[in-house]
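# Secondary and tertiary structure notes
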Amino acid sequence: WLLSARAPTLTPELDRRAEEGTLLTQAYVTGNRTIRAIEATTSSLPPLPGASIVRRTQSNGLFTLPALLANVGYQTAFVYGGRALFDGMGRYLSANGIQRIVDQGDMPEGAFTTAWGVADETIFDRALVEMDELAARGKPFYTLILTVSNHRPYTFPTEVLQPLPGLRRRENAVRYADYALGRFLRQARAHPFFSDTLFVLMGDHGARVYGAAEIPLGSYEVPILFLGPGSAAGRRIDTLASSLDIPPTILARMGMSYESKFFGQDVFAVDPALGRALVGHNNQVALLRGGEIAVLGLQRSVATFRYDRAARTMERNASRSVERELEGDAIAYFHGADVAYREGLYQAAPFSSLE
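Scoring rules and cut-offs
- Residues numbered from 1 in each chain as written.
- Predicted model: local features only at pLDDT ≥ 70, side-chain atom pairs only at ≥ 80, totals over all residues.
- Heavy atoms only, no water.
- Phe/Tyr/Trp six-rings, centres within 6.5 Å; stacked < 30°, edge-to-face > 60°.
- Buried < 20%, exposed > 50% of the residue type's maximum accessible area, 1.4 Å probe, protein only.
- Helix = DSSP H or I, 4+ residues; strand = E, 2+ residues; numbered from the N terminus.
- Pairing = 2+ DSSP bridges.
- Axes fitted to C-alpha atoms, helices over the stretch in contact; angles between N-to-C directions.
- Core = buried A, V, L, I, M, F, W, Y, C linked by side-chain atoms within 4.5 Å.

### Focus: the packing of aromatic side chains
Each aromatic ring pair is described using two quantities: the centre-to-centre distance and the angle formed by the ring planes. Within the structure shown, the criterion is met by 13 aromatic pairs. Taking the centre distance of 5.7 Å and the plane angle of 20° together, the rings of F78 and Y80 count as stacked. Relative accessible area serves as the criterion here: at 4%, Y80 is assigned to the buried category. Here F156 and Y176 contribute two aromatic rings whose centre-to-centre distance is 5.1 Å and whose plane-to-plane angle is 10°, an arrangement assigned as stacked. Taken together, the positions of F156 in the loop between β6 (141-146) and α6 (169-188) and Y176 in helix α6 put the pair 20 residues apart, joining distant regions of the chain.

### Observations concerning the sheet that holds β6
Reading across the sheet, the three strands line up as β3-β2-β6 and stay open at both edges, with parallel pairing between neighbours. Because the sheet does not close on itself, it has two edges, and the strands there are β3 (100-102) and β6. Taken pair by pair, the neighbouring strands of this sheet meet at an average axis angle of 15°, ignoring direction. The sheet contact formed by strand β2 (residues 75-80) and β6 spans six bridges and is parallel. When the sheet's bridge partners are listed, V79 is paired in β6 with I145.

### Quick look at the nonpolar core
Formed by 89 residues in total, the largest nonpolar core has its most connected members in L24, Y28, F199 and I293. Element by element, the count of residues in this core is highest for α6, at seven residues. Residues V285, L296, L326 and A330 belong to the second largest nonpolar core, which totals ten residues.

On their own, these measurements won't tell you what the molecule is for.
Shown next as structure tokens:
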């Protein structure tokens, strides 16, 4: 993103915060839609083929991060700039541990709005109000915030951030999203809850890619940054990670012990050799590990590739022994998750062992 002397980076605020916290440098989201990120970061399930579990009506009472936290006394909320009915997000979250939903209908009248919802500043301002109210009750809280400004048509309130000439609309929208994030974190620092709060900042997905037979892994790579308790300033973790690792990684930073059904792992502590990412693209799902990727497709098709992250290319050159092991593990991940979900084995239970 080195552009010119006028715009050396599109994300100065995120870059600055990365020096204050722990950054996962090789993290991948599980899909190319927002609901896949919500699915992964709440349930820690791999992306099942077909519709996301967020859109499935039987997704009630699952083993999720917000349900686990609510069970031990946390207050839970979702703050979103659009309509929570979009893609079934509100229904899914309400059925899986989120106690309060704040969406576009709760935002101030006259706020800058696109087809996706209100501008990021407005979302963050309302999130601070909600977090203050939760903190005032004397109980811990979990807040999931979803912003919308970095979407087509890439418009934002230019009175607070002037577009830079020579940049595309999307690039200027990224600058605005970064500005709003930095503003939120500066304001949050002045609130009583700040020093005891772990902030996790991440992209929900990259730019969508259409029509490719192979999985375009470059568009699935996103920054994931931990700020606050349990993180370390300037730390970089190069372990291959997935967005479904978010729930167990958060709980480990909080020092919680519990019996887990999560498919994710604590990225801060796992052996780097065991890092992996699980992704879904069109009708395919895949397991990436150690530079090799096994892709499962329709009619039980399986293919294994070598992934060059620097060049973002995939070539079929894996050895047969590597192919068999990786293919078997990929099938185990996705088939196991599918069975657990369909047969009701991924339901929440009392978390009596959580400390």
